[in-house]
Amino acid sequence: MAETNNLGKAKMIFSTAASMAATAMVVRSFMNDFLPHQFQDLIFSRIGNFFNRFSSQMTMVIEEFDGFVNNEIYEAAEVYLSEKISPSTQRLKVSKPVKEKNFTIAMERGETIVDFFNGIKFTWVLVCTQSESQNFNNMNSTIRSEVRSFELRFHKKHLNLVIKSYLPQIITESKIAKQDKKTLKIFTIDNTYANLADIWMPTNLDHPSNFDTLALDSEMKNFIINDLQKFLKRKDYYRKVGKAWKRGYLLYGPPGTGKSSLIASMANYLNFDVYDLELSKLNNDSDLRRVLVAMANRSILVIEDIDCSINFEDRNRAVTECEENKVTLSGLLNFTDGLWSCCGDERIIIFTTNHKERLDPALVRPGRMDVHIHMSYCTPDGFKLLASNYLGIKHHVLFEAIEQQLKPTEVTPAEVAEVLMKSDNNPGVALEGVIEFLKVKRKENEEAKLKKEKEEDKPIEKELDEGNNSTKFKLFWPVPAKN
């Protein structure tokens, strides 16, 4: 008897549920046929809000765009969740741009990923909806676009944790992941840009130079590496002392001494993009501000041959009407150490010059150019590294003879490398070629010096200074300001 009653109740429940489902389908069909989409959304929203009052769950919507600009939280979540994909994930979206090295893996629409933070469960859903807008050029057609957003679901009591800890952690981890995976770029100015976001034109930076192969003295390389490491760790220190988080390097020395290779080595070591700024392409200081503001953080700004790129006349005198259409030293100084210097974080600024003595002292003082590195002529240590790179040898009986020739001879690493490349299959022949080349080069240097002194009508004096081959650098760090 009891079993009969239970069976009857079960049938009644199923019958009621089926009736309600059928009614819901009829109502939904009616609404789809006769009610506008906007009215449908309002009704379902009100119904959802009613039932949500009795739920302990909260849904946070993170849209792709905040008005007309990208939503940083959405971009961070996209990167962060790509690292949380598990075997239980059923659908993924994979892409690889032609010029990029790595695959891009992302959630597919409607997919769900579960994440845990501090032992708390968070559910992410990628929601994509189609929106329509009238095409004003053709009134008979519409433009369809996809609106994407993440829905983050969690218990209501964890809202404070999400705002103060979980989302900031996602932003931090996403920046690290993007930095590790990115393909290095070198940017140049595109004078045909339509908006500020397109002012820099990128190209892959696939320069092989690194600190292991760079033909510099070990003392100088260690100094630069330690300085870069120290800079990366001092964000809080810079903020404490009231300085923008940037570091300025001045590379000076003769052409061919490896300034460009050092810049590439720094970029590869830091994994920073390079922005190659040609001041001659800018009309005035306003253009300078635009391109500098459009730079990304964690990047290297390079201005080569700074002594040839800007007029170093007295910056305190009145500016003529003609000069108003030029980049000025004052404009450049304002970026390196003025109010505009705070428009970005974690940036390296590098100036190069063949003639340091021509630079305005205001440009190279501490706070603007913090590290002065003399790129010298080829030294014995530099030559040994070149021999290792080009010939694959670390020792040879001819090394001592070459080192004796190097000390009194002004020759660049680029010139020595060119000689080594001629006989890479036979180290002995290559090294003998270097010895002969150094003898000829020394004679050419002496003749050039005599000619110059004769032209200047000065007495001939032989310099005994071997400082040209020494490692020279200066170092400055910001110090707390005194009240």
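Residues numbered from 1 in each chain as written. Predicted model: local features only at pLDDT ≥ 70, side-chain atom pairs only at ≥ 80, totals over all residues. Heavy atoms only, no water.

## Side note on the overall build of the protein chain
Then comes step 1: Across its full length, the protein chain carries 15 helices and 16 strands.
Then comes step 2: Evaluated residue by residue, the protein chain yields a buried proportion of 37% over its 483 residues. (Helix = DSSP H or I, 4+ residues; strand = E, 2+ residues; numbered from the N terminus. Buried < 20%, exposed > 50% of the residue type's maximum accessible area, 1.4 Å probe, protein only.)

## Some details on the packing of aromatic side chains
Then comes step 1: Within this structure, the stated rule accounts for 14 aromatic pairs.
Then comes step 2: Centre to centre, the rings of Phe231 and Tyr238 are 5.9 Å apart; their planes meet at 80°, and the pair counts as edge-to-face.
Then comes step 3: Residue class for Phe231 comes out buried when judged on its relative accessible area of 0%.
Then comes step 4: A ring pair is formed by Phe383 and Phe399, whose centres lie 5.5 Å apart and whose planes are at 75°; its orientation type is edge-to-face. Of this pair, Phe383 sits in helix α12 (residues 380-391) while Phe399 sits in helix α13 (residues 399-406), and the two are 16 residues apart along the sequence.
Then comes step 5: Owing to a relative accessible area of 6%, Phe399 belongs among the buried residues under this scheme.
Then comes step 6: Taken together, the ring pairs in this structure connect Tyr74, Tyr80, Phe117, Phe122, Trp124, Phe150, Phe154 and Tyr166 into an aromatic cluster.
Then comes step 7: When the ring centre of Tyr252 is taken as reference, the NZ or CZ atom of Lys356 above it lies at 4.5 Å. (Phe/Tyr/Trp six-rings, centres within 6.5 Å; stacked < 30°, edge-to-face > 60°. Lys NZ or Arg CZ within 6 Å of the ring centre and 35° of its normal.)

## Structural notes on the side chain of Ser149
Then comes step 1: Structurally, Ser149 can be placed in strand β8 (residues 142-155).
Then comes step 2: Classification of Ser149 as buried rests on a relative accessible area of 10%.
Then comes step 3: Beyond its immediate stretch of four places on either side in the chain, Ser149 contacts Val61, Ile62, Glu63, Tyr74, Val125, Leu126 and Val127. (Contact = heavy atoms within 4.5 Å.)

## What about the pairing of strand β11 (residues 246-252)?
Then comes step 1: For β11, the tally of buried residues reaches seven of seven residues, placing the bulk of the element in the interior.
Then comes step 2: Residue alternation in β11 divides its side chains into two sets, Lys246, Gly248, Leu250 and Tyr252 and Arg247, Tyr249 and Leu251, and both sets are buried.
Then comes step 3: The pairing of β11 with strand β14 (residues 347-353) spans seven bridges and is classified as parallel. Counterpart to Tyr252 in the pairing with β14 is Thr353. (Pairing = 2+ DSSP bridges.)

## Observations concerning the confidence of the model for the protein chain
Then comes step 1: Averaged over all residues, the pLDDT of the protein chain equals 80, while 74% of them reach at least 70.
Then comes step 2: Ignoring residues within four places in sequence, the model shows residues 317-323, a span with pLDDT below 50, making six contacts including any to other chains.
Then comes step 3: In this model, residues 460-470 is a region of pLDDT below 50 whose contacts with residues beyond four sequence positions or in other chains number 20 contacts. (pLDDT = per-residue confidence, 0-100.)

## Overview of the pattern of salt bridges
Then comes step 1: For the coordinates displayed, the defined rule picks out 13 salt bridges.
Then comes step 2: Put simply, Glu108 and Arg109 hold a salt bridge, and the shortest N to O gap is 3.8 Å.
Then comes step 3: Given a relative accessible area of 46%, Arg109 falls into the partly exposed group.
Then comes step 4: A salt bridge links Glu403 to Lys384; the shortest N-O distance between them is 3.5 Å. Of this pair, Glu403 sits in helix α13 while Lys384 sits in helix α12, and the two are 19 residues apart along the sequence.
Then comes step 5: We classify Lys384 as partly exposed; its relative accessible area is 36%. (Salt bridge = Lys/Arg side-chain N within 4 Å of Asp/Glu carboxyl O.)

## Observations concerning α13
Then comes step 1: Taken together, the buried positions of α13 are occupied by Phe399, Ile402, Glu403, Gln405 and Leu406. Looking straight down α13, one finds that the buried residues subtend no more than 160° of arc, so they occupy a single side.
Then comes step 2: The inward-facing, buried residues of α13 contact α12 and α15 (427-455). (Arc of directions from axis to C-beta.)

## Topic: a nonpolar patch on the surface
Then comes step 1: Among the surface-exposed residues, Leu92, Val94, Phe103 and Ile105 lie close enough to one another that they form a single nonpolar patch of about 380 Å² accessible area.
Then comes step 2: Position of Leu92 relative to the elements: it lies in strand β4 (residues 92-95). (Patch = residues over 30% accessible without salt bridge, like charges linked within 9 Å, V, L, I, M, F, W, Y side chains within 5 Å. Areas by Shrake-Rupley, 256 points an atom, 1.4 Å probe, with all protein chains shown as cover.)

## A word on the packing of α12 against α13
Then comes step 1: With their axes 10 Å apart at the nearest point, α12 and α13 run at an angle of 135° to one another. As far as their axial angle goes, α13 and α12 are oblique. Once α12 is placed against α13, the crossing between them reads as right-handed. The segment α12 lies against α13, with Pro380, Phe383, Lys384 and Ala387 engaging Phe399, Ile402, Glu403 and Leu406.
Then comes step 2: Broken down by class, the residue content of the contact of α12 with α13 amounts to six nonpolar, no polar and two charged. (Axes fitted to C-alpha atoms, helices over the stretch in contact; angles between N-to-C directions. Parallel < 35°, antiparallel > 145°, perpendicular 65-115°, else oblique. Left-handed = near helix turned anticlockwise from the far one by under 90°. Nonpolar A, V, L, I, M, F, W, Y, C, P; charged D, E, K, R; others polar.)

## Quick word on the pairing of strand β15 (residues 371-374)
Then comes step 1: Where burial is concerned, the two faces of β15 agree: the one with Val371 and Ile373 and the one with His372 and His374 are both buried.
Then comes step 2: In this structure, β11 lies alongside β15, joined through four bridges in parallel fashion. Looking across to β15, one finds that Tyr252 is bridged to His374.

## Details of the packing of helix α5 (residues 218-232) against helix α7 (residues 259-270)
Then comes step 1: Between α5 and α7, the least distance of the axes is 12 Å, while the angle of their chain directions is 45°. As judged from the angle between their axes, α5 and α7 are oblique. Our pair here, α5 against α7, has a crossing hand that is right-handed. Here Ile224, Ile225, Leu228, Gln229 and Leu232 of α5 come into contact with α7, specifically with Leu262, Met266, Tyr269 and Leu270.

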